[in-house]
Amino acid sequence: MTDRIAVLSTVKRTVKQFAKSAEDVVQRLLAAAGARQSESRLAADSQAYWAGAGGDRWRANSHWRAAHVFDHDDLWQRIGHDHLAMADRGARMIGFDRPWSRIVDWGCGGGANAVAFAPRAAEYVGVDVSAETLETCEKEVAAVCDTPFTGLRIDVDDPEAVLRRISPPYDLFLCFYVFELIPSPEYGARLLRIAEQLLGLGGAALIQIKYTTGTWRTRPRRRAYRTGLAEMTTYTVPEFWELATACGLTPHSVQLVPRNELDERYAYFLLTKP
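What counts as what
- Residues numbered from 1 in each chain as written.
- Predicted model: local features only at pLDDT ≥ 70, side-chain atom pairs only at ≥ 80, totals over all residues.
- Heavy atoms only, no water.
- Helix = DSSP H or I, 4+ residues; strand = E, 2+ residues; numbered from the N terminus.
- Polar contact = N/O pair within 3.5 Å; in protein donor to acceptor, adjacent residues only side chain to side chain.
- Contact = heavy atoms within 4.5 Å.
- Buried < 20%, exposed > 50% of the residue type's maximum accessible area, 1.4 Å probe, protein only.
- Pairing = 2+ DSSP bridges.
- Axes fitted to C-alpha atoms, helices over the stretch in contact; angles between N-to-C directions.
- Parallel < 35°, antiparallel > 145°, perpendicular 65-115°, else oblique.
- Left-handed = near helix turned anticlockwise from the far one by under 90°.
- Nonpolar A, V, L, I, M, F, W, Y, C, P; charged D, E, K, R; others polar.
- Phe/Tyr/Trp six-rings, centres within 6.5 Å; stacked < 30°, edge-to-face > 60°.

1. With respect to the side chain of Thr 212
Phase 1: In this structure, Thr 212 sits in the loop between strand E5 (199-210) and helix H8 (237-246).
Phase 2: Looking at Thr 212, its side chain comes within polar contact range of the main-chain nitrogen of Gly 214, at 3.0 Å.
Phase 3: A polar side-chain atom of Thr 212 sits 2.8 Å from a polar atom in the side chain of Thr 218.
Phase 4: If we ignore the near neighbours within four places in the chain, the residues touching Thr 212 are Thr 218, Arg 219, Thr 234, Tyr 235, Thr 236 and Arg 265.

2. Digging into the pairing of strand E2 (residues 123-128)
Phase 1: The buried fraction of E2 amounts to five of the six residues, a majority that puts the element mostly inside the structure.
Phase 2: As paired strands, strand E1 (residues 102-106) and E2 are joined by five bridges and run parallel to one another. Considered in E2, the bridge of Trp 106 is made with Val 127.
Phase 3: For E2 and strand E3 (residues 149-153), the ladder comprises five bridges, and the chain directions are parallel. Residue pairing in the sheet places Tyr 124 in a bridge with Phe 149 of E3.

3. Let's talk about the packing of helix H7 (residues 185-198) against H8
Phase 1: Relative to each other, H7 and H8 sit at 40°, their axes nearing to 9 Å. Here H7 is positioned oblique relative to H8, judged by the angle of their axes. In terms of crossing hand, the pair formed by H7 and H8 is right-handed. Within the contact between the two elements, H7 uses Pro 185, Ala 189 and Leu 192 and H8 uses Phe 240, Leu 243 and Ala 244.
Phase 2: For the contact of H7 with H8, the residue count by class is six nonpolar, no polar and no charged.

4. Some thoughts on the packing of aromatic side chains
Phase 1: Applying the stated rule across the entire model yields 14 aromatic pairs.
Phase 2: For the pair Tyr 124 and Phe 149, a centre-to-centre distance of 6.3 Å together with 20° between the ring planes defines the contact as stacked. Of the two residues, Tyr 124 is situated in strand E2 and Phe 149 in strand E3; the sequence distance between them amounts to 25 residues.
Phase 3: The class for Tyr 124 is buried, based on a relative accessible area of 0%.
Phase 4: The interplanar angle of 55° and the centroid separation of 5.3 Å between the aromatic rings of Tyr 177 and Tyr 266 together place this pair among those described as tilted. With a gap of 89 residues between them, Tyr 177 in the loop between strand E4 (170-175) and H7 and Tyr 266 in strand E7 (residues 264-272) connect regions that are remote in the sequence.

Here's what the structure looks like:
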């Protein structure tokens with residue numbers, strides 16, 4: 001009986017993976033044929049997905065500690081630990097020795113990064129689409145330090161609202177596992193300009209994207225948000241480097257992670273505001 005259950009479980013996973021792959025192919029073929037959805041439509045679909053708390057898949061995508069994907073090892077804690085180590089290495093490399101007194105965490109999710117970075121800050125701002133996620137992040141921060149946490153809920157179609165609610169300058173701008181979820185590559189320029197406006201002179205940003213290898217399967221998907229949210233937006237490495245420069249930020253380095261426990265094709269950019 002045990003062997004039968006194991007076989008059925010394997011078959012079920014295989015069928016789901018095949019269906020997901022087939023769905024992705026269909027949607028990309030439609031996009032390639034010119035049936036792209038508008039940025040406003042994708043922004044609305046994104047808002048609908050992230051604003052309402054859902055089941056375990058939603059919690060996993062939002063990086064809540066309570067998601068089942070984080071049950072069996074220390075992956076949730078390692079996310080923030082690894083990113084903090086990356087930020088420390090980058091700061092040493094460029095001689096960024098100022099305190100991280102004020103930090104903005106764009107797309108803070110359930111706090112996997114906040115619990116690592118907040119103890120180093122005097123003020124921590126988490127930005128997210130979901131009010132429930134912001135509450136979860138605040139609780140996680142409170143469990144590890146006394147750093148004041150400010151949660152800002154935004155709508156996908158108006159990220160610039162943050163600029164009307166908090167006052168720069170900030171020392172560090174963090175953005176992990178967000179750019180692949182945004183409606184379009186063009187939308188990414190809006191976030192980079194926001195980062196530039198929030199940072200003080202000499203402030204730093206650590207921003208992760210998902211990069212395309214140039215194949216049609218890794219290009220921006222541009223339609224059917226809910227079934228392909230983690231493939232919605234990609235950039236080539238030179239493309240994002242140049243985009244950041246055009247938005248007023250100076251890139252210093254990029255670290256590529258072809259695959260890890262979460263996904264694949266990650267690129268981490270270290271930037272400063274000159």
